[in-house]
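Secondary and tertiary structure notes
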Amino acid sequence: MEIRGKLGLIAGNGRFPFLLLDAARAEGLEVVVAAIREETDAEIDDRARVDPGIQVRWLSLGELSKLIETFQSHGVTRAVMAGQVKHKQIFSSIRPDWRLAKLLLNLRSRNTDMLLGAVAKVLGDEGIELISSTAFLEPLLATEGVLSERAPDDEERKNIDYGLTVAAGLAGFDIGQTVVVAAQACVAVEAMEGTDATIARAGELMNSLNAEASTLERRLTVVKLPKPNQDMRFDVPVIGLGTLEAMIHAGASCLAIEAGRTLLFDRDAILRRANEAGIAIIAGPRRY
């Protein structure tokens, strides 16, 4: 997709916004960053200080009108969302402006797809097209096959098959993307807490079990799967080094993701850490 002029970046937390910012600047685009006060790392200001092609405007999660005004005043007609905005924030102390309050009142449900889809429509109505957040990061998408030195063993493959079945069943409800399995039993399902917290919860649960011998395998397998009609403009499945550290701490031995629709941030570091810990990582073909 050829993009000319200025690009708007709605920046959430984590490294995703910085990776996208670097990729856009590498293509010569000026970037107007709408930095979310409750989420975005303050390092974004440091980037702007040393690069005149980056402008940062801070706003609160509740300020949808200010977001639109920021982009319109800078001539932005295309924008991307990058970085997580915790879903639980809609229940926090943020004060929505009239535009966001109206949007929230008109939603049938407040899951991620419904909420962000409605925001995307409002932006579109104001002349700001929200494009795929992978537009500049296709090289970071997972390729199909076993990515780690170790392939999943038979037990882990059984867990993957079961986890994919559970994830597929949950996908239509837009609850979360991650399922954690042990011995073909579902240990944890992601909701508002995010992938890493889901893995941690699964580890805590397994650690709470009686330490005496069991006939059931206790190693955890993590399955992260996009929804059937995943909107790549937002909520793209992402694996970072933090996910690997969460798996190691929880006692997880295998990670299954989907090729072509999952971003691997710092792939070399992720695979190096996985190999050190003996974790198997496999990217399967698109299921939908």
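Here we summarise the structure given alongside this text. (Residues numbered from 1 in each chain as written. Predicted model: local features only at pLDDT ≥ 70, side-chain atom pairs only at ≥ 80, totals over all residues. Heavy atoms only, no water.)

1. Some words on the packing of helix α8 (residues 241-250) against helix α9 (residues 267-277)
Packing of α8 against α9 brings their axes to within 9 Å, and their N-to-C directions diverge by 15°. With respect to α9, the axis of α8 lies roughly parallel. Crossing handedness for the pair α8 and α9: right-handed. Residue-level inspection shows Leu241, Leu244, Glu245 and Ile248 of α8 in contact with α9, the latter providing Ala269, Ile270, Arg273, Ala274 and Ala277. By residue class, the composition of the contact of α8 with α9 is seven nonpolar, no polar and two charged. (Axes fitted to C-alpha atoms, helices over the stretch in contact; angles between N-to-C directions. Helix = DSSP H or I, 4+ residues; strand = E, 2+ residues; numbered from the N terminus. Parallel < 35°, antiparallel > 145°, perpendicular 65-115°, else oblique. Left-handed = near helix turned anticlockwise from the far one by under 90°. Contact = heavy atoms within 4.5 Å. Nonpolar A, V, L, I, M, F, W, Y, C, P; charged D, E, K, R; others polar.)

2. Looking at the side chain of Thr195
Considering the arrangement of structural elements, one finds Thr195 in helix α7 (residues 195-207). Among the polar contacts made by the side chain of Thr195, one reaches the side chain of Thr178 at a distance of 3.0 Å. Excluding residues that lie within four positions of it along the chain, Thr195 makes contacts with Thr178, Glu190, Lys224 and Thr243. (Polar contact = N/O pair within 3.5 Å; in protein donor to acceptor, adjacent residues only side chain to side chain.)

3. Points about helix α6 (residues 154-171)
Taking 1.5 Å as the rise per residue, α6 with 18 residues should run 26 Å; its terminal C-alpha atoms sit 25 Å apart, in good agreement. Along α6, the residues that are buried comprise Glu156, Asn159, Ile160, Gly163, Leu164, Val166, Ala167, Leu170 and Ala171. Against β7 (178-182), β8 (185-189), β9 (220-224), β11 (252-258) and β13 (280-284) lie the buried residues of α6. Where α6 begins, the side chain of Asp153 points an oxygen toward the backbone nitrogen of Glu155, at a separation of 3.2 Å. (Expected span 1.5 Å × (residues − 1). Buried < 20%, exposed > 50% of the residue type's maximum accessible area, 1.4 Å probe, protein only.)

4. Here we look at the packing of aromatic side chains
By the definition in use, this model includes one aromatic pair. Just above the ring of Phe18 sits the side chain of Arg15; from NZ or CZ to the centre is 4.3 Å. (Phe/Tyr/Trp six-rings, centres within 6.5 Å; stacked < 30°, edge-to-face > 60°. Lys NZ or Arg CZ within 6 Å of the ring centre and 35° of its normal.)

5. Here's the deal with the sheet that holds β7
The sheet built from six strands is open, its strands ordered β6-β13-β11-β9-β7-β8 with mixed pairing. Pairing within the sheet leaves two strands with one partner each, and these edge strands are β6 (145-146) and β8. In the sheet, β11 pairs with β13 via five bridges, with the strands oriented parallel. Among the inter-strand pairings, Leu255 is bridged to a residue of β13, identified as Ile281. In the packing of α6 onto the sheet, contacts are made with β6, β7, β8, β9, β11 and β13, and the angle to β7 comes to roughly 145°. The sheet contacts of α7 involve β7, β8 and β9, and relative to β8 the element is tilted by about 130°. (Pairing = 2+ DSSP bridges.)

6. Quick word on the pattern of salt bridges
Inspection of the entire model under this criterion finds 15 salt bridges. With a shortest N-O distance of 3.2 Å, Arg219 and Glu156 are connected by a salt bridge. Here Glu156 lies in helix α6 and Arg219 lies in the loop between α7 and β9, a separation of 63 residues in the sequence. When its relative accessible area of 26% is taken as the criterion, Arg219 is described as partly exposed. Exposure remark for Glu156: the relative accessible area of 1% places this residue in the buried category. Salt bridges sharing common partners tie together Arg15, Asp22, Glu43 and Arg47. (Salt bridge = Lys/Arg side-chain N within 4 Å of Asp/Glu carboxyl O.)

7. Focus: the environment of Val146
Along the chain, Val146 falls in strand β6. Look at Val146 and you get partly exposed, because its relative accessible area is 38%. Here the alpha-carbon distance between Val146 and Gly176, two residues 30 residues apart in the chain, equals 24 Å.

8. Digging into α9
For α9, the set of buried residues is Ala269, Ile270, Leu271 and Ala274. Structurally, α9 contributes buried residues whose contacts are with β10 (238-239), α8, β12 (263-264) and β13.

9. A few points about the environment of Gly194
Locating Gly194 in the fold gives a position in the loop between β8 and α7. Among the residues examined, Gly194 registers a relative accessible area of 5% and is labelled buried. Counting along the chain gives 16 residues from Gly194 to Thr178, while the straight-line C-alpha distance between them is 8.3 Å.

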